[in-house]
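# Analysis of the macromolecular model
Spelled out, the chains give:
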Amino acid sequence: MIVRKLQDAEKTERKVQSETWDSVRLLLKDDNMGFSFHITTLYAGTETRMHYKNHLESVYCMEGEAEIETLADGKVYQIGPGTIYILDQHDEHILRVRKEVKMACVFNPPVTGKEVHDETGAYPLVD
Ligand code: 9YT
């Protein structure tokens, strides 16, 4: 069994930071679970465009207020505590954050921890 604490992980390289969000990867590919698990904070007043072409992702909102727009159809969904969004179509999307959000995110396939968003908002597949 593996036991980790967010408070410990955020002091290590498991925590990655970008301009509009930071994320603590509590579970990564090398744990061999078939998915990765991240606690992601997105900052108030920001917009982040993402397109995980190579990954499926589910995102559960624990705190905060945001909206998500799926670019293929222009639909806008309100996101708050208790909401999950599931990018089952590798949906390209924009997250607009009104009040800082805390999300629990699962990626399949798992990320390795070394990926950076490319210019399209995707992560590459890493072996
Ligand atoms: C909310 C969201 O899109 N999270 C993505 C995960 C985060 N960008 C990460 O850990 O790389």
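The structure this text deals with has already been given above.
Residues numbered from 1 in each chain as written. Predicted model: local features only at pLDDT ≥ 70, side-chain atom pairs only at ≥ 80, totals over all residues. Heavy atoms only, no water.

### Some remarks on the overall build of the protein chain
Quick note on the threshold: Helix and strand definitions here come from DSSP, where helices need a minimum of 4 consecutive H or I residues and strands a minimum of 2 consecutive E residues; each element is numbered from the N-terminal end. For the radius of gyration, the atoms used are the C-alpha atoms, and the globule rule reads 2.2 Å times the number of residues raised to 0.38. A contact between two residues is defined here by any heavy atoms of the two lying within 4.5 Å. Here, Shrake-Rupley sampling with a 1.4 Å probe gives the accessible areas, and only protein chains in the shown set may cover a residue. Two residue types count as positive, namely Lys and Arg, and two as negative, namely Asp and Glu; His and chain ends fall outside the count. One atom stands in for each charge, and that atom is NZ of Lys, CZ of Arg, CG of Asp or CD of Glu.
Per the secondary structure count, the protein chain includes one helix and eight strands. The order of α-helices and β-strands along the protein chain, N terminus first, is α-β-β-β-β-β-β-β-β. Against the compact-globule benchmark of 14 Å for 127 residues, the protein chain has a radius of gyration of 14 Å, which places it among compact chains. Taken over the C-alpha atoms alone, the protein chain extends approximately 40 × 30 × 25 Å along its principal axes. Of all intrachain contacts in the protein chain linking residues separated by at least 6 positions in sequence, the fraction that spans at least 24 positions is 62%. Counting only carbon and sulfur atoms, one obtains 52% of the accessible surface of the protein chain, whose full area is about 7300 Å². Positive and negative charge centroids in the protein chain, built from 15 and 22 side chains respectively, lie 4 Å apart.

### Structural notes on the environment of threonine 41
How we decide: Partly exposed describes any residue whose relative accessible area lies between the buried limit of under 20% and the exposed limit of over 50%, with all areas from a 1.4 Å probe on protein chains only and scaled to the type maximum. Any pair of nitrogen or oxygen atoms within 3.5 Å is treated as a polar contact; in protein, a donor-acceptor pairing is required on top of that, and neighbouring residues in sequence qualify only through side-chain atoms on both sides.
Tracing the backbone shows threonine 41 in strand 3 (residues 36–42). For threonine 41, a relative accessible area of 6% corresponds to the buried category. Taking the C-alpha atoms as reference, threonine 41 lies 21 Å from proline 109; in sequence the two are 68 residues apart. Other than its neighbours up to four places away in sequence, threonine 41 contacts Thr20, Trp21, Asp22, Glu100, Val101 and Lys102. A polar contact is formed between the side chain of threonine 41 and the side chain of lysine 102, at a distance of 3.0 Å.

### With respect to the site of the ligand
What counts, and what does not: Near residues are defined by distance, with any heavy atom within 4 Å of the molecule or strand qualifying the residue. Here the term charged refers only to Asp, Glu, Lys and Arg, the term nonpolar to Ala, Val, Leu, Ile, Met, Phe, Trp, Tyr, Cys and Pro, and the term polar to all other amino acids, Gly among them.
Taken together, 14 residues surround the ligand, and among them Ser23, Arg25, His38, Glu57 and Tyr123 come closest. In the model, an oxygen atom of the ligand is placed 2.6 Å from a nitrogen or oxygen of the histidine 38 side chain. Protein chains bury 99% of the 320 Å² of accessible surface belonging to the ligand in isolation. Looking at the shell around the ligand residue by residue, the classes come out as nine nonpolar, three polar and two charged.

Any link to function would need more than the numbers given here.
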